[in-house]
Amino acid sequence: MAGYNRQSVYLPDRDGLEKCAAAAGEKKFRASQLENWLYVRFARSFDEMSNLPGSFRRFLCENFLSPCETLSLLETAADRSGTVKYLWRLCDGELIETVGIPSGERMTVCVSSQAGCGFGCAFCASCKNGFSRNLDCAEIVAQAALVSAQAGGKPDNIVFMGIGEPFANYDNVLAAARRFNGCFGIGARKITVSTCGVVPGILRYACEPEQFELAVSLHAPDDEMRSRLMPVNRRWPIRELMAACREYTARTNRIVTFEYILVDGLNCSRRHASELLALLKDLKCRVNLIPLNPVNGFFWRAPSREICRAFGEFLTSHGLNTTLRHSRGGNVNASCGQLRRARASSLCAGETAGNCLENTAQCAGKEEK
Ligand code: SF4
């Protein structure tokens, strides 16, 4: 991990924890205790691990980054619904965000997979300063563990919809998803990876043995508009994207969730609804409609409630499984990328504005009304 000589205590597997216990001269059961502190009790520091001997805790301190050293909390922002956004500093100074989204007794954690993003979607705040680097597995796992520590319990759902394109960091994302499944005990179907449309990633994901879920950011029913909103469409246009989604549903027998951000005057007319319907009608899928979350510095706005409803009702009345979501957290800068962006500009005054701003609405729109 850049910036430190020590590696994170979120070691790749059980074997790693056992080797760590052995290196400290401890018996094997200490690895189980450590594992329990990390993934069940969500300890933030080695000091909290009260049933580990002092000598083992000192060994851990000297040789590994504790959870709260893996990610240092810089700032939180909460809104009335209980949605909390966390801004973390990584060991090398990079900033990332995580969102905790409560819904009744349940909680969804939206994790970042990269520091910055180079995909340049036109309505995403995450990439204003471009791509910095991929997160390693420990940095992804630590986000959910530390949010769980704050919230007092493990998440029910994990969504890879924070900063970054998960399939551009495929191995670390899959390793983290497996850790959420195996160590946190979160069902594979409660873990969703969301892509902006990286076709090779979708095809690879279709071959994974776990039943992880797939979400695809679509946002436009035709290539001309989608390429304008999402440059990734120039590399993998809608026809190729749909073919990959079909392959995914055929191989896995699972459905694809399409995210569609509604932008006033841009993609939410009756014509757009008809085109979307034609595109998706033969696919095993559901559609999440998300009114755009306003982002400072961008002129696009969400359509009126009536337009959003009419768009959704048209799709539903023609048999498409459609849900109209509402944005969460926009009022606290809690849409993905906004805290990071605000902090980055205050840290690096004069830095050039970058290029993107989308999972703002994606992530903040997770919960149904
Ligand atoms: S929405 Fe933002 S973070 Fe996601 S791929 Fe597009 S630019 Fe990257």
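Residues numbered from 1 in each chain as written. Predicted model: local features only at pLDDT ≥ 70, side-chain atom pairs only at ≥ 80, totals over all residues.

Undergrad: Explain unusual backbone geometry to me, please; I cannot follow it from the model alone.
TA: Most peptide bonds are trans, and most residues other than glycine sit at a negative phi. Notably, His219 is not glycine yet its phi reads approximately 70 degrees, a positive angle. By the secondary structure assignment, His219 is in the loop between strand 11 (213-217) and helix 8 (223-229). For His219, a count of 28 C-beta atoms within 10 Å gives the class buried. Of note, the phi angle at Asn253 is positive, near 65 degrees, even though the residue is not glycine. Structurally, the position occupied by Asn253 is in the loop between helix 10 (238-252) and strand 12 (256-262). (Helix = DSSP H or I, 4+ residues; strand = E, 2+ residues; numbered from the N terminus. Buried ≥ 20, exposed ≤ 12 C-beta atoms within 10 Å, placed from the backbone.)

Undergrad: I keep staring at the confidence of the model for the protein chain and nothing clicks. Help me out?
TA: Model confidence for the protein chain is summarised by a mean pLDDT of 89, while 86% of its residues fall at 70 or above. Below a pLDDT of 50 lies the segment residues 347-369, which in the model reaches 85 contacts outside its immediate sequence neighbourhood of four places, other chains included. (pLDDT = per-residue confidence, 0-100. Contact = placed C-beta atoms within 7 Å.)

Undergrad: Help me out: how do you make sense of the pairing of strand 5 (residues 95-103) in this one?
TA: Across a regular strand the side chains alternate sides, sitting on one face of the sheet and then on the other. Counting buried positions along strand 5 yields seven of nine residues, so the element is predominantly enclosed. In the sheet, strand 4 (residues 84-89) pairs with strand 5 via six bridges, with the strands oriented antiparallel. Considered in strand 5, the bridge of Tyr86 is made with Thr98. With five bridges connecting them, strand 5 and strand 6 (residues 106-110) associate as antiparallel partners. Residue pairing across strands places Ser103 opposite Arg106, the latter belonging to strand 6. The antiparallel hairpin formed by strand 5 and strand 6 contains two residues in its connecting segment, where Gly104 sits at a positive phi of about 60 degrees. (Pairing = 2+ DSSP bridges.)

Undergrad: Help me understand the nonpolar core in this model?
TA: One broad trend across soluble globular proteins is that nonpolar side chains are buried collectively. Within the largest apolar cluster, 103 residues are counted, with the highest numbers of intra-cluster contacts made by Val141, Ala144 and Leu262. Of the residues forming this core, the biggest block, nine residues, is contributed by helix 5 (residues 137-151). Filtering out sequence-adjacent residues up to four positions away, Val141 remains in contact with Tyr10, Ala176 and Arg179. (Core = buried A, V, L, I, M, F, W, Y, C linked by C-beta atoms within 7 Å.)

Undergrad: For this particular structure, what's the right way to read the environment of Val193?
TA: Structurally, Val193 can be placed in strand 10 (residues 191-195). Distance from Val193 to Val216, taken between C-alpha atoms, is 8.5 Å for residues 23 residues apart in sequence.

Undergrad: Explain the sheet that holds strand 14 (residues 322-324) here, please?
TA: Hydrogen bonds between backbone atoms are what pair the strands of a sheet, whose relative direction is either parallel or antiparallel. Spatially, ten strands are ordered 3-4-5-6-9-10-11-12-13-14 in an open sheet, and the strand pairing comes out mixed. Sheet topology places strand 3 (72-78) and strand 14 at the edges, where each strand pairs with a single neighbour. Sheet twist, expressed as the average angle between the axes of neighbouring strands with direction ignored, equals 20 degrees. Where strand 12 and strand 13 (residues 285-291) come together, seven bridges link them in parallel fashion. Residue pairing across strands places Leu262 opposite Pro291, the latter belonging to strand 13. (Axes fitted to C-alpha atoms, helices over the stretch in contact; angles between N-to-C directions.)

Undergrad: Help me understand the pairing of strand 3, please; the structure alone is not making it clear to me.
TA: Bridge analysis of strand 3 against strand 4 gives six bridges, and the strand direction is antiparallel. When the bridges of strand 4 are listed, Glu75 appears paired with Leu87.

Undergrad: I tried to follow the packing of helix 1 (residues 14-23) against helix 2 (residues 29-39) on my own but got confused; where do I start?
TA: To characterise two packed helices, one gives the angle between the axes of the helices and the distance between these axes. Contact pair helix 1 / helix 2: the axes reach a minimum separation of 8 Å and the direction vectors enclose 120 degrees. As judged from the angle between their axes, helix 1 and helix 2 are oblique. Like other packed secondary-structure pairs, helix 1 and helix 2 cross with a definite hand, here right-handed. Contact with helix 1, carried on its side by Arg14, Leu17, Glu18, Cys20 and Ala21, involves Arg30, Ala31, Leu34 and Glu35 of helix 2 and no other residues of that element. (Parallel < 35°, antiparallel > 145°, perpendicular 65-115°, else oblique. Left-handed = near helix turned anticlockwise from the far one by under 90°.)

Undergrad: Any chance you could explain helix 10 here in plain terms?
TA: Side chains that are three or four residues apart share a direction in an α-helix, a result of its 3.6 residues per turn. Over its 15 residues, helix 10 extends 21 Å from the first C-alpha to the last, a length consistent with the 21 Å expected when each residue adds 1.5 Å. What helix 10 keeps buried is the set Leu241, Ala244, Cys245 and Tyr248. The arc that holds every buried residue of helix 10, seen down its axis, measures 100 degrees, which confines them to one face. Those residues of helix 10 that are exposed and aimed more than 90 degrees away from the buried face are Arg239 and Ala250. Lining the buried residues of helix 10 we find helix 7 (199-205), strand 11 and strand 12. Downstream of helix 10 by one or two residues, Asn253 has phi in the positive range, about 65 degrees. (Expected span 1.5 Å × (residues − 1). Arc of directions from axis to C-beta.)

Undergrad: Just to check I follow, could you spell out the environment of Phe212 for this structure?
TA: Turning to its location among the elements, Phe212 is positioned in the loop between helix 7 and strand 11. We classify Phe212 as buried; it has 24 C-beta atoms within 10 Å. A C-alpha to C-alpha distance of 4.7 Å links Phe212 and Ala188, two positions 24 residues apart in sequence.

Undergrad: Which parts of the structure should I look at to understand the packing of helix 11 (residues 270-280) against helix 12 (residues 305-317)?
TA: Contact geometry of helix 11 with helix 12 gives a least axis separation of 10 Å together with a crossing angle of 35 degrees. Once helix 11 is placed against helix 12, the crossing between them reads as right-handed. Here Arg270, Ala273, Leu276 and Leu277 of helix 11 lie close against helix 12, whose contacting residues are Phe311, Phe314 and Leu315. Across the contact of helix 11 with helix 12, the residue classes break down as six nonpolar, no polar and one charged. (Nonpolar A, V, L, I, M, F, W, Y, C, P; charged D, E, K, R; others polar.)

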